[in-house]
Amino acid sequence: MTQIVVFGSANMDLVAYVAKAPQRGETVTGREFRALPGGKGANQAVAAARAGGTVSMIGAVGADAYGTQLRATLEHSGVDTDLLRTAEGPSGIAHIVVDDEGGNAIVVIPGANGTVTSLAPGDEAVMALADLLLLQLEIPLEGVLAAAEAARRHGVRTVLTLSPVQPLPSGLLAATDLLVPNEHEAAALAGVTDPYEAADALLEQVPEVVVTLGSSGCLYASRGADKITVPAPHVTAVDSTGAGDEFVGSLAVALGEGRPMPEALAWASSAAALSVQRLGASAAMPCRGEIDELAVHEEQEQHEQQDKQGEHLS
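Residues numbered from 1 in each chain as written. Predicted model: local features only at pLDDT ≥ 70, side-chain atom pairs only at ≥ 80, totals over all residues. Heavy atoms only, no water.

**Focus on the nonpolar core**
Okay, step 1: In this structure, I4, V55, L74, V210, F247, L251 and L265 are the most contacted members of the largest nonpolar core, which totals 49 residues.
Okay, step 2: With 9 residues, helix α8 (residues 261-275) is the single largest residue contributor to this core. (Core = buried A, V, L, I, M, F, W, Y, C linked by side-chain atoms within 4.5 Å. Buried < 20%, exposed > 50% of the residue type's maximum accessible area, 1.4 Å probe, protein only. Helix = DSSP H or I, 4+ residues; strand = E, 2+ residues; numbered from the N terminus.)

What follows is the structure in structure tokens.
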């Protein structure tokens, strides 16, 4: 099985569901509120574990009820939490507003995540045995950099999710093998809005880039090779929270299993499509059997469309 280490955040998501998100100074009435386990690191860990990977989570939760719940959620999904620290004070919190189109707006309060500024005893030894290390930017950048450099020392493939987008420390991109931004994050880092141009610019700093394009799928670029675009399955989204993390976690499993990049991207896109049809982040993440079923269905549909196009041309 693919060995994956996630070095990142764990938050409790406090989610309000509304018809339309409020503008500045506006008050709206929501229809539902939920407290759901989340955080980009924990989300990716749960996604990878449910997709079939062997996953260890490194980070921190608070000494509060949310911390206990976050740890239990990870363990219930099969994630090893031996290196998940418990810090004094509250756990990380994310305040999320989800509208009827499935879009969201998020405010993250780091809490215990802010204490993860360096590696703790045992962290590097576990990373050294991994196939991939997954990183995000919801913990202090000095901690992210330390983890990336440790992975580089041991030849472990690093995957960095560029969220929340921010100025990066010198050396972080140099220690990154695969960068996964969405189109807005790619534009912010590259300084150009076109995803294809942004991908080219980012390849000057990292060897591989996947730009996620929401319902339009994703774009893969690597140095010295043609770009690959993979469409997303057509589904009705009810909550896009955590979809990018589902994509990354599933992609990591597929890559660790040695799948070719086009197949890995299509499989991860199917996983993300399943997650947006459910409420919440980690609570919405599908298991491997569900991903396989949708991926096979999508592949069959594409073959049927290609056959029809061939018949039309002939």
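**As for the UniProt feature "binding site: K(+)" (unreviewed entry) in the chain**
Okay, step 1: In the numbering used here, UniProt assigns the "binding site: K(+)" (unreviewed entry) feature to D239, T241, S275, R278 and G280. In sequence the annotated residues extend across 42 residues, while in space they remain close, none of their C-alpha pairs exceeding 9.5 Å. As for the largest pocket, its lining draws on T241 from among the annotated residues.
Okay, step 2: Relative to the helices and strands, D239 resides in the loop between β13 (228-230) and α7 (243-256).
Okay, step 3: Taking relative accessible area as the criterion, D239 reaches 0% and is therefore assigned buried.
Okay, step 4: Apart from residues no more than four positions distant in its own chain, D239 is found in contact with Y17, V98, G102, S275, V276, R278, L279 and G280.
Okay, step 5: With respect to the secondary-structure elements, G280 resides in the loop between α8 and α9 (288-313).
Okay, step 6: The residues contacting G280, other than those within four sequence positions of it, are Y17, L36, D239 and T241. (UniProt positions renumbered as here; feature names shortened; annotations may be inferred. 1 Å grid on protein atoms, 1.4 Å probe; cavity = no way out; pocket = protein on both sides within 12 Å on 5 of 7 lines; lining within 4 Å. Contact = heavy atoms within 4.5 Å.)

**Describing the layout of surface pockets**
Okay, step 1: Taken as a whole, the largest pocket encloses approximately 1200 Å³ of empty space.
Okay, step 2: Around the largest pocket, the lining is made up of 48 residues, and of these N182, S240, G242, A243 and G244 lie nearest the centre.
Okay, step 3: For the lining of the largest pocket, the secondary-structure elements that each account for two or more residues are β2 (11-17), α1 (40-50), β6 (92-98), β7 (104-109), α5 (183-190), α7 and α8.
Okay, step 4: Residue contributions to the lining of the largest pocket peak at 5 residues, all from α7.
Okay, step 5: Split into classes, the residues belonging to the lining of the largest pocket amount to 21 nonpolar, 20 polar and 7 charged. (Points joined across faces, edges and corners; volume = space filled by probe spheres on them. Nonpolar A, V, L, I, M, F, W, Y, C, P; charged D, E, K, R; others polar.)

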